[in-house]
Amino acid sequence: MERKQGKVDHLDLERPSPLNDTERVMVQDSWAQVFQNCEDVGVAILIRLFVNFPVSKQYFSQFKHIEDTRELEQSSQLRKHAHRIMNSINSLVENLDSSEKMASVLKLVGKAHALKHNVDPKYFKILSGVILEVLGEEYPEVVTPEVGSAWTKVLANLCYGIKAVYEEVGWTPQSASTG
């Protein structure tokens with residue numbers, strides 16, 4: 001396969017290994033506990049993303065100029081986006097045993113972020129790391145190292161699936177490097 005854009009090389013990922021049944025159950029069981037606080041966890045994930053990777057706020061016109069973390073936490077737009085992220089993850093976790101359903105969720109998310117929002121796909125990998133970090137800190141008794149390893153596989157599969165959608169739609173980094 002020929003590359004049209006050299007800048008997309010950070011998308012070259014090997015296909016991650018699928019989850020085995022034990023890992024799938026661990027992810028689903030841990031997620032059931034996390035999802036009870038979905039809005040707060042989603043907000044914590046986005047706040048951590050913006051604090052650790054402030055350039056990522058460039059994609060959010062509604063709150064990209066809010067610098068105060070407490071003000072960000074109260075933003076209804078941020079809370080709505082956090083809720084959408086958590087619902088998307090929930091759909092993936094619920095369908096870990098159906099690659100077709102997972103691909104469908106990733107296609108919707110990938111197309112919107114590639115075509116409508118022009119989000120550089122590297123942010124999915126960055127967000128995945130933030131998700132692991134926040135889950136491990138907020139739920140240390142639930143997200144043990146073994147469970148964290150299973151989540152790493154889930155998120156690697158998410159990034160791989162998003163990468164495939166970006167390639168399918170022919171995404172190129174037009175204005176993604178501004179900010």
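Being a predicted model, the structure only gives us computed values, none of them experimental.

Calculation criteria
- Residues numbered from 1 in each chain as written.
- Predicted model: local features only at pLDDT ≥ 70, side-chain atom pairs only at ≥ 80, totals over all residues.
- Heavy atoms only, no water.
- Core = buried A, V, L, I, M, F, W, Y, C linked by side-chain atoms within 4.5 Å.
- Buried < 20%, exposed > 50% of the residue type's maximum accessible area, 1.4 Å probe, protein only.
- Helix = DSSP H or I, 4+ residues; strand = E, 2+ residues; numbered from the N terminus.
- Contact = heavy atoms within 4.5 Å.
- Phe/Tyr/Trp six-rings, centres within 6.5 Å; stacked < 30°, edge-to-face > 60°.
- 1 Å grid on protein atoms, 1.4 Å probe; cavity = no way out; pocket = protein on both sides within 12 Å on 5 of 7 lines; lining within 4 Å.
- Points joined across faces, edges and corners; volume = space filled by probe spheres on them.
- Nonpolar A, V, L, I, M, F, W, Y, C, P; charged D, E, K, R; others polar.

**Thoughts on the nonpolar core**
Judged by nonpolar contacts, the single largest core of 51 residues is most densely connected at Ile45, Phe50, Leu78, Met86, Ile89 and Trp151. A per-element tally of this core places helix α7 (residues 145-168) first, with 9 residues. Beyond its immediate sequence surroundings of up to four residues, Phe50 is in contact with Ser56, Lys57, Phe60, Phe63, Leu72 and Leu78.

**Observations regarding the packing of aromatic side chains**
Summed over the entire model, instances satisfying the criterion amount to 8 aromatic pairs. Seen from their ring centres, Phe50 and Phe63 are 5.7 Å apart, and the 50 degrees between their planes marks the pair as tilted. Taken together, the residues Phe50 in helix α2 (residues 38-52) and Phe63 in the loop between α2 and α3 (69-74) connect sequence positions 13 residues apart. A relative accessible area of 4% places Phe50 in the buried class. Classification of Phe63 as buried rests on a relative accessible area of 1%. Both rings, one in Tyr166 and one in Trp171, keep their centres 5.3 Å apart while their planes meet at 65 degrees; by these two values the pair is edge-to-face. With relative accessibility at 1%, the residue Tyr166 sits in the buried group. Judged by relative accessible area, Trp171 falls into the buried class, the value being 8%. Grouping aromatic residues by their ring pairs yields a cluster made of Trp31, Phe35 and Trp151.

**A look at the layout of surface pockets**
Put simply, the largest pocket is a space of about 700 Å³. Looking at the largest pocket, it is lined by 29 residues, and the ones nearest its centre are His81, Ile85, Val109, His113 and Phe124. Those elements that provide at least two residues to the lining of the largest pocket are α2, α4 (76-94), α5 (99-116), α6 (122-138) and α7. Sort the elements by how many residues they give to the lining of the largest pocket and α4 lands first, with 7 residues. The residue inventory of the lining of the largest pocket, partitioned by class, reads 19 nonpolar, 9 polar and 1 charged. Considering only enclosed or pocket space, the second largest pocket measures out at about 490 Å³ in volume. Contributing to the lining of the second largest pocket are 20 residues, with Arg15, Ser99, Met102, Leu106 and Asn157 lying nearest its centre. Broken down by secondary-structure element, the contributors of at least two residues to the lining of the second largest pocket are α1 (21-35), α5 and α7. By residue number, the principal contributor to the lining of the second largest pocket is α7, which donates 7 residues.

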